[in-house]
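Results of the structural survey
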Amino acid sequence: MNTVMKVAYDANRFIDETTPWKIFKQKETKRVAEILYDLSERLRIIAILISPVLPKAAHGIFDQLNWKMELSGKEERFSLKEAEWGGLPDGHVVGKPVPLFPRIETE
């Protein structure tokens, strides 16, 4: 799980460094598409890696990514091979984002 958290933190840092919302305003749509693909792939890989521990969260990510993976045979789990880069096809359209974890409010 430490590795998964590192991948998530790196993705967050990547968003902060690339600022896709600013690039979008500059009409650099190809670059924005590349950034969003990169982030979508990171999320897909994170979902695969967390699926044994947080299966509902993983499936929530898969749903939002609009990604369905056909498992061959009767497997119920992913293997690390599925976590290789490039599982989403070019031009893949993701679903609507919704929060997976409720915000914890402290008083």
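Use the structure listed above.
One structure accompanies this document, and this report is about it. (Residues numbered from 1 in each chain as written. Predicted model: local features only at pLDDT ≥ 70, side-chain atom pairs only at ≥ 80, totals over all residues. Heavy atoms only, no water.)

1. Some words on the overall build of the chain
Rules: The numbering of helices and of strands both runs from the N terminus, where a helix is a DSSP run of H or I of at least 4 residues and a strand a run of E of at least 2. Burial classes: relative accessible area under 20% of the type maximum marks a residue as buried, over 50% as exposed, and values in between as partly exposed (1.4 Å probe, protein chains only). Whether two residues touch is decided by their heavy atoms; if any such pair falls within 4.5 Å, the residues are in contact. The Shrake-Rupley method, run with a 1.4 Å probe, gives the accessible areas here. Residue values count only the displayed protein chains as cover.
Assigned secondary structure in the chain consists of four helices and zero strands. Overall, the C-alpha framework of the chain stretches about 50 × 45 × 25 Å when taken along its three principal axes. Here the chain holds 107 residues, and 30% of them are scored as buried. Look at the contacts in the chain between residues 6 or more apart in sequence, and 68% of them connect residues 24 or more apart. For the chain, the exposed area adds up to about 8300 Å²; of that, 57% sits on carbon and sulfur atoms.

2. A closer look at a nonpolar patch on the surface
What counts, and what does not: Residues forming no salt bridge and having over 30% relative accessible area are the ones grouped into patches, like charges within 9 Å of each other and nonpolar side chains (Val, Leu, Ile, Met, Phe, Trp, Tyr) within 5 Å. Salt-bridge detection follows one rule: a side-chain nitrogen of Lys or Arg within 4 Å of a carboxyl oxygen of Asp or Glu.
On the surface, M1, V53, L54, L100 and F101 cluster together into a nonpolar patch covering about 470 Å² of accessible area. Along the chain, the position of L54 falls in the loop between helix 3 (29–50) and helix 4 (55–65).

3. A word on the packing of helix 3 against helix 4
Under the convention used in this document: Only C-alpha atoms enter the line fits that serve as axes; for helices the fit covers just the stretch in contact. Angles between N-to-C directions range over 0 to 180 degrees. Each angle gets one of four labels, with under 35 degrees taken as roughly parallel, over 145 as roughly antiparallel, 65 to 115 as roughly perpendicular, and the rest as oblique. Crossing handedness follows the turn of the near helix against the far one: under a right angle anticlockwise gives a left-handed crossing, and clockwise gives a right-handed one. In this classification, the charged set is Asp, Glu, Lys and Arg, the nonpolar set is Ala, Val, Leu, Ile, Met, Phe, Trp, Tyr, Cys and Pro, and all remaining amino acids, among them Gly, are polar.
Their axes nearest at 8 Å, the elements helix 3 and helix 4 cross at an angle of 155°. With respect to helix 4, the element helix 3 is oriented roughly antiparallel. Helix-helix and strand crossings are classified by hand; for helix 3 and helix 4 the assignment is left-handed. For the pair helix 3 and helix 4, contact is made by S40, L43, R44, A47, I48 and I50 and by P55, A57, A58, I61, F62 and L65, respectively. Tallied by class, the residues present in the contact of helix 3 with helix 4 amount to ten nonpolar, one polar and one charged.

4. Comments concerning the side chain of D38
Tracing the backbone through its elements, the reader meets D38 in helix 3. For D38, a relative accessible area of 17% translates into the label buried. Residues contacting D38, with those up to four places away along its chain left out, are F14 and W85.

5. As for the nonpolar core
The line we're drawing: For our purposes a nonpolar core is just a set of buried Ala, Val, Leu, Ile, Met, Phe, Trp, Tyr and Cys residues, chained together by side-chain atoms within 4.5 Å.
If you look at the biggest cluster of nonpolar residues, it comprises 14 residues, and the most contacted ones within it are A47, I48, I50, A58, I61, F62 and W67. Of all elements in the fold, only helix 3 and helix 4 reach the threshold of two or more residues within this core. Look past the residues within four positions of F62 in its chain and what remains in contact with it is R44, A47, I48, W67 and F78. Counting residues in hydrophobic clusters, the runner-up holds six residues, among them A11, F14, I23 and I35.

6. Notes on the packing of aromatic side chains
This is how it is decided: Two rings from Phe, Tyr or Trp (for Trp, the six-membered ring) form a pair when their centres are within 6.5 Å of each other. A pair whose planes differ by under 30 degrees is stacked, one over 60 is edge-to-face, and the rest are tilted.
Evaluation of the coordinates by the stated rule reveals two aromatic pairs. Centroid distance Y37 to W85: 6.5 Å. Interplanar angle 80°. Geometry classified as edge-to-face. Taken together, the residues span a long stretch of sequence, with Y37 in helix 3 and W85 in the segment after helix 4 at a distance of 48 residues. With a centroid separation of 5.1 Å and an interplanar angle of 55°, the aromatic rings of F62 and W67 are classed as tilted.

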